[in-house]
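# Structural overview for review
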Amino acid sequence: MPEFQITQPAFAAFVLHNAALKRLASGFDWAEGPVWFADHQALLFSDIPGDRVLRWAESGLTTQAAPANFANGHTRDLQGRLITCEHGTRRVTRREWDGSVTVLADRYLGKRLNSPNDVVVSGDGAVWFTDPHYGIMTDHEGGKAEQELPCNVYRIDPSGQIEAVVTDLQGPNGLCFSPGERLLYIADTGRQFTDDPQHIMVFDMGSGRPAKGRVFHKVDVGCADGMRVDTEGYLWSSAGDGVHCIAPEGHLMGKILVPEVVSNLCFGGPSRSRMFITATTSLYSIVVNRRGLQAP
Ligand code: MG
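A few points on the structure. (Residues numbered from 1 in each chain as written. Predicted model: local features only at pLDDT ≥ 70, side-chain atom pairs only at ≥ 80, totals over all residues. Heavy atoms only, no water.)

## Considering the nonpolar core
Quick note on the threshold: Buried Ala, Val, Leu, Ile, Met, Phe, Trp, Tyr and Cys residues form a nonpolar core when they are joined through side-chain atoms within 4.5 Å. Buried residues are those whose accessible area, probed at 1.4 Å on protein chains only, stays under 20% of the maximum for their type, while exposed residues exceed 50% and partly exposed ones sit between those limits. Going along the chain from the N terminus, every DSSP run of H or I of four or more residues is numbered as a helix, and every run of E of two or more is numbered as a strand.
Among the nonpolar cores identified, the biggest contains 22 residues, and Trp236, Val243, Ile256, Met275, Ile277 and Ile286 are the most heavily contacted of them. Within the residue set of this core, elements represented by two or more residues are β23 (242-246), β24 (252-257), β25 (264-268), β26 (274-279) and β27 (282-287). At three residues, the largest contribution of residues to this core is made by β26.

Structure below.
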């Protein structure tokens, strides 16, 4: 049986006490970047140091790509095409229906990106991604290289134009929009390697671009990395001891405890109520009594 921490009484109804926390697959070096394909009832995710992308379905685990340019975060665009952050090539790509790869971004102002980490697509078709330096600090998750740009967050317009939209975080990492795209949440994991602050930041999106950010929440164990919201606007964040559910007001509702450090999650399954969790060496799932926000 799964273990939950019920911090706010309402959280007891968010989870199912008879649902199993299933370890679906294991043996990875650092699992990340889960993305659900409802059309295939399948999940793609990355094993970053293992330099591979894996595909999980009820029928089993297969290798989607290896080598995989040290892929990290994934999402799908408005047409359902796969968008990938690649550490090894320091770019964001789109997989076309014919299998070819289109590079959406690999430079900004003529300088190479650091190591695109995580990515979301907004309702206008823009691609938003974080570009911390984690993939070029060592050879473990890409290739050690000189950093040419600050750790920015970028927006790629459907026209292809790239714009730095958040430039004052230390290590922007996971990101997601609230329902209606009124807010943008970004995990800042700068403290992972330094004494820099480490928080989930929130940015008002009233102007269509992130306004000045403010601290939204700090997970109490480990770091917030990948995040998703449910249809009611509750934020589900990765953390050192599992998945934390955070209310729109910023307080902890409760936790799904996972026996490995969690890197990321996404909602999937037939009703988007099955949470897939990438956690260090393993992929887990658990059905919850919430539904993930449908991607635009
Ligand atoms: Mg990440």
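Having seen it, we continue.
## With respect to the sheet that holds strand β10 (residues 101-105)
Short version of the rule: Strands pair, by our definition, only if DSSP identifies at least two bridges between them. For every element, the axis is a line fit to its C-alpha atoms; helices are fit only across the contacting stretch, and the angle between N-to-C directions ranges from 0 to 180 degrees.
Spatially, the four strands line up as an open sheet ordered β7-β8-β9-β10, and their pairing is antiparallel. Taken across any chain shown, the strands that pair with only one partner, and hence form the sheet edges, are β7 (71-76) and β10. Averaged over all pairs of adjacent strands, the angle between strand axes in this sheet comes to 30°, irrespective of strand direction. Sheet topology note: the strand β8 (residues 82-86)/strand β9 (residues 91-95) ladder contains five bridges and is antiparallel. The residue bridging glutamate 86 from the neighbouring strand is arginine 91, located in β9.

## What about the layout of surface pockets?
As a reminder of what qualifies: Method remark: on a 1 Å grid restricted to protein atoms, a set of points is classed as a cavity if a 1.4 Å probe fits but cannot get out and as a pocket if it is open with protein on both sides within 12 Å along at least five of seven lines; lining residues have an atom within 4 Å of a point. Grid points are joined across faces, edges and corners, and a volume is the space filled by probe spheres set on the points. Under this grouping Gly is polar, as are all residues other than the nonpolar Ala, Val, Leu, Ile, Met, Phe, Trp, Tyr, Cys and Pro and the charged Asp, Glu, Lys and Arg.
By volume, the second largest pocket amounts to about 510 Å³. Along the walls of the second largest pocket sit 29 residues, with Leu44, Gln64, Leu82, Thr84 and Arg95 positioned nearest its centre. The element best represented in the lining of the second largest pocket is β9, accounting for four residues. Looking at the lining of the second largest pocket residue by residue, the class counts come to twelve nonpolar, eight polar and nine charged.

## Regarding the coordination of the magnesium ion
Here is the rule we go by: Metal sites are built from N, O and S donor atoms within 2.8 Å, or 3.2 Å for Na, K and Ca, and they leave out water, so they may look incomplete.
Distances from the magnesium ion to its protein donors, Glu32 (OE), Asn117 (OD1), Asn173 (OD1) and Asp225 (OD), fall at 2.1 to 2.8 Å. Binding-site remark: the magnesium ion is held by donors from one chain whose sequence spacing is E-x84-N-x55-N-x51-D. Note that asparagine 117 is positioned in the loop between β12 (111-112) and β13 (119-121) and aspartate 225 in the loop between β20 (214-217) and β21 (227-229), a separation of 108 residues in sequence. Here asparagine 117 and aspartate 225 have matching classes, each one buried.

Everything listed here is a matter of coordinates, which is why it stays silent on function.
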